[in-house]
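Chains, contacts and geometry: an overview
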Amino acid sequence: MMQIFPNNNRLILIFIFLATFITLAIGQGTRVGFYQTSCPRAETIVRSVVQSAVNSNAAIAPGLLRMFFHDCFVNGCDASILIDGSSSEKTAAPNSLLRGFEVIDAAKTQLETACPGVVSCADILALAARDSVVQTGGTGWSVPLGRRDGLVSRAADTANLPAFNDPVSVQIRKFTDKGLNTQDLVALSGAHTLGTAACALFSYRLYNFNSTNGPDPSIDPAFLPTLQNLCPNGGDGTVRVALDNGSGGRFDNSYYANLRNRRGVLESDAALWNDPTTQRFVQRFLGVRGLLGLTFNVEFGRSMVRMGNIEVKSGTQGEIRRVCTAIN
């Protein structure tokens, strides 16, 4: 009987080649070491700029980390959050208090001198987020690169960002919509081990919560006076409070211990302990006996890589912006 496919191995190789060619042609995906030849000092330059900025102002680290998160959740990781404009993403309420835009600009200026038109703003932001974690005591991870920058930035598109008062069911849905699972949600929420929140975002929990005419009963009664002293009823809503009580400037897993101790500041954080769906992941990050443990630093890096690949633009998509705040 005549063989129609005399060399299966050769056919397999052809199919692999064609799949690879098509993938490259439509510009999908990122990879570690993307700038190894075109701009070998890219990661070193970004790391140096972030290190200098965080050493001067510790608040820069959580700002850069949040910025990357807020960028990726709105039309993918394309640096659209950096674009200036009267109705750009940067102007939206969830982004109005972000810090560190000048750090991305400084890194871009140096990279344009070293390698003009090569390194995207989106990749700078991804690297800066990783380097912020390292600068505050966390463990680094290899960042896949090769993103290109977006051309559209609209404040209205931020409406579906995870919010400070989202219940767990809504948080899970928003993460699932981006291809992330419940473990990713709990791991990435651990970024709140760094930084602060304005009283305006949680003080409603301290006084007239829902219909109870009193504080949120899920808050540790011993912790409540501390929060009330920092955020008096009717006081200044711009006052900022550490999200990770006792360890707000260091990247560690004490955030999860605070959730277990009912000391989560934001309602969305506290909900992770109050809901059994997410509580078990909090317990695994804490190493609760009887559950398979999860190492926070390791899993956080893995989840950051997954988030960093949300709807990325690469190949011929988007562009490499020469100035991160403007479309070329």
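Residues numbered from 1 in each chain as written. Predicted model: local features only at pLDDT ≥ 70, side-chain atom pairs only at ≥ 80, totals over all residues. Heavy atoms only, no water.

**Points about the pattern of salt bridges**
- For the structure shown, the criterion picks out 15 salt bridges.
- Arginine 130 is the partner of aspartate 131 in a salt bridge, and the nearest nitrogen-oxygen pair spans 2.7 Å. Note on accessibility: aspartate 131 and arginine 130 belong to one class, buried.
- Glutamate 311 is the salt-bridge partner of lysine 178, the closest N and O atoms lying 3.5 Å from each other. Taken together, the positions of lysine 178 in the loop between helix H6 (168-177) and helix H7 (182-189) and glutamate 311 in the segment after helix H12 (296-307) put the pair 133 residues apart, joining distant regions of the chain.
- The class of lysine 178 is partly exposed, set by a relative accessible area of 22%.
- Salt bridges here are not isolated pairs; linked through shared partners, they connect Glu43, Arg130 and Asp131. (Salt bridge = Lys/Arg side-chain N within 4 Å of Asp/Glu carboxyl O. Buried < 20%, exposed > 50% of the residue type's maximum accessible area, 1.4 Å probe, protein only. Helix = DSSP H or I, 4+ residues; strand = E, 2+ residues; numbered from the N terminus.)

**Some thoughts on the environment of leucine 145**
- Structurally, leucine 145 is set in the loop between helix H5 (121-135) and H6.
- On the accessibility criterion, leucine 145 (1% relative accessible area) is buried.
- The sequence separation of leucine 145 and aspartate 123 amounts to 22 residues, and the corresponding C-alpha distance is 6.0 Å.
- Those residues in contact with leucine 145, other than ones at most four positions away along the chain, are Thr30, Arg31, Val32, Phe34, Tyr35, Glu43, Asp123 and Leu127. (Contact = heavy atoms within 4.5 Å.)

**Re helix H3 (residues 60-72)**
- Along its 13 residues, H3 runs 19 Å from first to last C-alpha, staying within 8% of the 18 Å computed at 1.5 Å per residue.
- Burial analysis of H3 places 13 of its 13 residues in the buried class, which makes it a mostly covered element. (Expected span 1.5 Å × (residues − 1).)

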